[in-house]
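Chain by chain, the residues run as shown.
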Amino acid sequence: MKKIFALMMAGVLAVSALTACSSQTGETEPASADSGSSDSGQTSASSDDVTYKIGVLQLIEHAALDAANEGFVAALDDSGINYEIDQQNAQGDQTACQTIAEKLVNDGDDLILAIGTPAAQAVAGTTSDIPIIGTAITDFAQSGLVDSNEAPGGNVTGTSDLTPVADQIDLLHELLPEAKTIGLLYCSAESNSDIQVKMAEEACAELGLTTERYSVASSNEIQSVIESMIGKVDAIYAPTDNVIANGMNTVAMVANENKIPVICGEENMVNAGGLVSYSIDYYDLGYMAGEMAVKILKGEATPADMPIQYLDASSCTLVTNEDTAAEIGVDLSVLDGAAAGGTSEESTAAEE
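About the cut-offs
- Residues numbered from 1 in each chain as written.
- Predicted model: local features only at pLDDT ≥ 70, side-chain atom pairs only at ≥ 80, totals over all residues.
- Heavy atoms only, no water.
- Helix = DSSP H or I, 4+ residues; strand = E, 2+ residues; numbered from the N terminus.
- Buried < 20%, exposed > 50% of the residue type's maximum accessible area, 1.4 Å probe, protein only.
- Contact = heavy atoms within 4.5 Å.
- Areas by Shrake-Rupley, 256 points an atom, 1.4 Å probe, with all protein chains shown as cover.
- Polar contact = N/O pair within 3.5 Å; in protein donor to acceptor, adjacent residues only side chain to side chain.
- Core = buried A, V, L, I, M, F, W, Y, C linked by side-chain atoms within 4.5 Å.
- Pairing = 2+ DSSP bridges.
- Patch = residues over 30% accessible without salt bridge, like charges linked within 9 Å, V, L, I, M, F, W, Y side chains within 5 Å.
- Salt bridge = Lys/Arg side-chain N within 4 Å of Asp/Glu carboxyl O.
- Lys, Arg positive; Asp, Glu negative; His and termini not counted.
- Charge placed at Lys NZ, Arg CZ, Asp CG, Glu CD.
- Axes fitted to C-alpha atoms, helices over the stretch in contact; angles between N-to-C directions.
- Parallel < 35°, antiparallel > 145°, perpendicular 65-115°, else oblique.
- Left-handed = near helix turned anticlockwise from the far one by under 90°.
- Nonpolar A, V, L, I, M, F, W, Y, C, P; charged D, E, K, R; others polar.

1. Thoughts on the overall build of the protein chain
Working step 1: If you tally the helices and strands in the protein chain, you get 13 helices and 13 strands.
Working step 2: Each of the 352 residues in the protein chain was classed as buried or not, and the buried ones make up 47%.
Working step 3: Within the protein chain, contacts between residues separated by at least 24 positions form 73% of all contacts whose residues are at least 6 apart in sequence.
Working step 4: Total accessible area computed for the protein chain in this model is approximately 16500 Å², and 48% of it derives from carbon and sulfur atoms.

2. Some points on helix 10 (residues 248-257)
Working step 1: For helix 10, the complete set of buried residues consists of M248, V251, A252, V254, A255 and N256.
Working step 2: Note on helix 10: the residue one or two positions beyond its end, K259, has a positive phi of about 60°.

3. A look at the side chain of T159
Working step 1: On the secondary structure map, T159 appears in strand 5 (residues 156-160).
Working step 2: One polar contact links T159 to T135, side chain to side chain, over a distance of 2.6 Å.
Working step 3: Every residue in contact with T159, bar those within four places of it in the chain, is listed here: G134, T135, A136, I137, F140, L285, M288, A289, M292, I308 and Q309.

4. A word on the nonpolar core
Working step 1: L57, F72, L111, I133 and Y282 are the most contacted members of the largest nonpolar core, which totals 50 residues.
Working step 2: Only strand 1 (51-58), helix 3 (63-79), helix 4 (94-106), strand 3 (111-115), helix 5 (117-124), strand 4 (132-137) and helix 12 (282-297) provide two or more residues apiece to this core.
Working step 3: With residues near it in sequence (within four places) discarded, Y282 still touches A64, A67, A68, A136, D161, T240 and E266.
Working step 4: Core analysis: the second largest hydrophobic core is formed by 27 residues, L175, Y237, I328 and L332 among them.

5. A short note on the sheet that holds strand 1
Working step 1: What the six strands build is an open sheet, ordered 2-1-3-4-5-11; its pairing is parallel. Two strands lie at the open edges of the sheet, namely strand 2 (82-89) and strand 11 (309-310), each paired on one side alone.
Working step 2: Inspection of the sheet shows strand 3 paired to strand 4 by four bridges, in the parallel sense. Paired with L113 across the two strands is I133, which belongs to strand 4.

6. Here we look at a negative patch on the surface
Working step 1: A cluster of acidic residues, E227, E257, E322, D323 and E327, forms a negative patch on the protein surface.
Working step 2: In terms of residue count, helix 13 (residues 322-328) provides more of the negative patch than any other element does, three residues in total.

7. Thoughts on the pairing of strand 8 (residues 235-238)
Working step 1: Of the two faces of strand 8, the one lined by A235 and Y237 and the one lined by I236 and A238 are each fully buried.
Working step 2: As paired strands, strand 6 (residues 181-187) and strand 8 are joined by three bridges and run parallel to one another. Considered in strand 8, the bridge of I182 is made with A235.
Working step 3: Here three bridges tie strand 8 to strand 9 (residues 262-264), and the two strands are oriented parallel to one another. From the neighbouring strand, Y237 faces strand 9, where its bridge partner is I263.

8. A closer look at a nonpolar patch on the surface
Working step 1: Together, L162, M199 and Y310 make up a nonpolar patch on the protein surface, roughly 240 Å² of accessible area in all.
Working step 2: With respect to the helices, strands and loops of the structure, M199 is situated in helix 7 (residues 191-206).
Working step 3: Residue classification places M199 among the partly exposed residues on the basis of a relative accessible area of 30%.

9. A closer look at the packing of helix 8 (residues 222-229) against helix 10
Working step 1: Following both chains from N to C, one finds helix 8 and helix 10 inclined at 25°, their axes separated by 9 Å at the closest point. The angle between helix 8 and helix 10 falls in the class roughly parallel. Crossing of helix 8 over helix 10 shows right-handed handedness. Where helix 8 abuts helix 10, its residues I222, Q223, I226 and E227 lie against T250, V251, M253, V254 and A255.
Working step 2: Across the contact of helix 8 with helix 10, the residue classes tally to six nonpolar, two polar and one charged.

In structure tokens, the structure reads:
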């Protein structure tokens, strides 16, 4: 028994010696895989790993605003940032605009895109902290969204859809030289439409054309207002008005049946039955807004210091609807080679 006990004690002493030796030389057991990942994971995440929350408030559903929305999202995708997007559409309802604006602000979004002037006004009236990018807005300053278009000064900036109104009126005059009285069709609730109507009045006056304003308060009034123009106007000018754009099928139905040409503010209104336009590209407009948003999210710029952006006038495209021209008896051949600023590309839109 003494011999066995002695051997046991010798073993204990040997183990103790080895442990002491290991401690003196600094040897330790390797760390587990779990402990290693906790040291180098979320706690040291780079800015590239941030997922931004983006809210979108679109005033109403129609082709131009849809295109701007698509362009915005494409710019986000192309930038490579991580984001979650909350798409909301007010369907032209001002009360819904306010409700959605409050929701997006309460959600704590990192940035909000507002498509259309009333949408931007609703969001800007709800928050002065969250960055707001507006698009499809004619004049940010006159709409009360910024201090000035050159230096916004607050939490709102974006891209303007100001179209070449004077060129569009020149186009009307060239295509319809016998037209003397022009009906200006717009929604009285949209401040940016009033801006364009004033520009159209000035352009018409320079050409010796008489103008008459025809406004609607909502889409429900479009048909009756167009019918009231029959026999009183030789042509209609409809700017980039969201209510009119949304109801363009109704405008075209009545106007074309009564042989009244409609000169439009943008391409999709022509596609819906209008006659002709010099048009900006709303997809490009939205894409530009998306590029601005990425700079803000990355901390490379602030809305206060980002001037309102515009598409180059030379990028406007002459768009005509041959089906409408045939229906109302207008010869489009006089426009061969015509282009806004002399540089736009001509395209033809057939009515669907």
